[in-house]
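Read off the chains here:
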Amino acid sequence: MARSVLCTGLGVLQLGRKTALLSGARFYSQSESEPLTVKQQSDGIRRIILNNPKKRNALSLSMLKSLRENILADVDSEDVRVIILSAKGPVFSSGHDLKELTSAQGGEYHTKVFHTCSEVMTLIQDIPVPVIAMVNGVATAAGCQLVASCDIAVVTEKSTFATPGVSVGLFCSTPAVAIGRAVPRKVAMEMLFTGTPISAHDALLHGLVSKVVPEERLEEETLSIAQRICQASRPVVALGKATFQRQMAQGRDAAYATASKVMVDNLALRDGQEGIRAFIEKRKPVWNHKAEKAHD
């Protein structure tokens, strides 16, 4: 099994008329010259591309570390408003690399794999900017978990989703954490017990994804959502995302108490007051994208 090596890779990618910094993540396979993930950034939108199609974009330990690095890089910068996560090739991600999960690797290594995977999945939900999955193909096991962990998922009609671990003797217990919070319990259990894939339209019906589009419109629809997010105030979006995640884990009364306090905190933000003034004055708001207070 190929080990990973640490490298640095910086280049320039031409995006239309704009030039964006392209940073290949530092993790490469010894058998490949291409980085495992590719990071691009332009106009507030960061794009992270899983870039190991020959191995079905498997979430090996190296791939997970590369993904984590690309997510965290300057994530608190005002230049990052939204992240789009996509993949090269016909498979979004096939989940964990089973070659890393044999007895030869040992329990300590296995623990590291699942700890890192859980860290990446929770990171997606904890960072201050929305993360959109752009899926055009198969997402299975931890790959399906990755889609379920994203804030928004736009997928093509040919995309499918499955948790087939039970078929190879490894129940998808960690994918079940994200999937069980995205779809109804009985739908999740059928997916987990049978491993049977569900279609994009069934995934939409059950709440695993946000939107199903024709393949030729995937890029356009995903970028449209990302651009609309970029038009909002960054600290307002960050506050809203964090609050949504927190209140969803609470009972009704506690959730209302949390959300009510945050509404007051939101009003105290300079951008919060700017938005209200702009509405009253019938003009477009001018955000400063800083978490500055207008009043105590």
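Identification of the chain as Enoyl-CoA hydratase domain-containing protein 3, mitochondrial from Oreochromis aureus is taken from an unreviewed UniProt entry. Recorded in UniProt under Subcellular location (unreviewed entry), the annotation for the chain is "Mitochondrion". Under the heading Function (unreviewed entry), UniProt records this for the chain: "May play a role in fatty acid biosynthesis and insulin sensitivity."

As for the overall build of the chain
Each helix and strand counted, the chain has 10 helices and 14 strands in total. Among the 296 residues that make up the chain, the fraction classed as buried is 46%. A sequence separation of at least 24 residues applies to 64% of the contacts in the chain between residues at least 6 apart. A total accessible area of about 15400 Å² is found for the chain, and carbon and sulfur atoms account for 55% of it.

Structural notes on the pattern of salt bridges
As enumerated under the stated definition, the model contains 13 salt bridges in all. Between glutamate 219 and arginine 47 there is a salt bridge, with the nearest N and O atoms lying 2.4 Å from each other. Residue glutamate 219 is located in helix H7 (residues 218-230), and its partner arginine 47 is located in strand S6 (residues 45-50); the two are separated by 172 residues in the primary sequence. The exposure class of glutamate 219 is partly exposed, given its relative accessible area of 37%. With its nearest N and O atoms 3.2 Å apart, the salt bridge here joins glutamate 292 to arginine 270. Taken as a pair, glutamate 292 in the segment after helix H10 (270-280) and arginine 270 in helix H10 lie far apart in primary sequence, 22 residues in all. For glutamate 292, a relative accessible area of 33% gives the class partly exposed. Among the residues examined, arginine 270 registers a relative accessible area of 40% and is labelled partly exposed. In the salt-bridge network here, residues are joined through shared partners; they are Glu274, Arg277, Glu281 and Arg283.

Topic: the pairing of strand S9 (residues 131-135)
Buried residues dominate S9, accounting for five of its five residues. Residues Val131, Ala133 and Val135 point to one face of S9 and Ile132 and Met134 to the other, with burial holding for every one of them. Pairing between strand S7 (residues 82-87) and S9: three bridges, direction parallel. By the bridge assignment, isoleucine 83 is partnered in S9 with valine 131. Relative to strand S11 (residues 152-156), S9 runs parallel, the two being bridged by four bridges. By the bridge assignment, alanine 133 is partnered in S11 with alanine 153.

So, the packing of aromatic side chains
Under the counting rule described, the total for this entry stands at one aromatic pair. Relative to phenylalanine 193, the ring of phenylalanine 171 lies with its centre 5.9 Å away and its plane at 50 degrees, an arrangement referred to as tilted. Of this pair, phenylalanine 171 sits in the loop between strand S12 (160-162) and helix H4 (173-179) while phenylalanine 193 sits in helix H5 (residues 185-194), placing them 22 residues apart in sequence. By relative accessible area, phenylalanine 171 is classed as partly exposed at 34%.

Some details on the environment of proline 35
Structurally, proline 35 can be placed in the loop between strand S4 (27-29) and strand S5 (37-42). Judged by its relative accessible area of 11%, proline 35 is buried. Spatially, the C-alpha atoms of proline 35 and isoleucine 49 are 10.0 Å apart, while their sequence positions differ by 14 residues.

As for the layout of surface pockets
Estimated volume of the largest pocket: approximately 820 Å³. Forming the boundary of the largest pocket are 29 residues, of which Gln125, Ala148, Ala178, Arg181 and Gln245 lie nearest the centre. At the level of secondary structure, the elements contributing two or more residues to the lining of the largest pocket comprise helix H2 (107-126), helix H3 (142-149), S11, H4 and helix H8 (234-248). The residue inventory of the lining of the largest pocket, partitioned by class, reads 16 nonpolar, nine polar and four charged. Two domains each provide a minimum of three residues to the lining of the largest pocket, namely domain 1 (37-230) and domain 2 (233-281).

Here's the deal with the nonpolar core
Residues Phe161, Leu208 and Val209 are the most contacted members of the largest nonpolar core, which totals 45 residues. The contact partners of valine 209, leaving out residues within four places of it in the chain, are Val147, Ala153, Val155, Phe161, Ala200, Ala203 and Leu204.

Conventions adopted
Residues numbered from 1 in each chain as written. Predicted model: local features only at pLDDT ≥ 70, side-chain atom pairs only at ≥ 80, totals over all residues. Heavy atoms only, no water. UniProt positions renumbered as here; feature names shortened; annotations may be inferred. Helix = DSSP H or I, 4+ residues; strand = E, 2+ residues; numbered from the N terminus. Buried < 20%, exposed > 50% of the residue type's maximum accessible area, 1.4 Å probe, protein only. Contact = heavy atoms within 4.5 Å. Areas by Shrake-Rupley, 256 points an atom, 1.4 Å probe, with all protein chains shown as cover. Salt bridge = Lys/Arg side-chain N within 4 Å of Asp/Glu carboxyl O. Pairing = 2+ DSSP bridges. Phe/Tyr/Trp six-rings, centres within 6.5 Å; stacked < 30°, edge-to-face > 60°. 1 Å grid on protein atoms, 1.4 Å probe; cavity = no way out; pocket = protein on both sides within 12 Å on 5 of 7 lines; lining within 4 Å. Points joined across faces, edges and corners; volume = space filled by probe spheres on them. Nonpolar A, V, L, I, M, F, W, Y, C, P; charged D, E, K, R; others polar. Domains from an automatic or database assignment. Core = buried A, V, L, I, M, F, W, Y, C linked by side-chain atoms within 4.5 Å.

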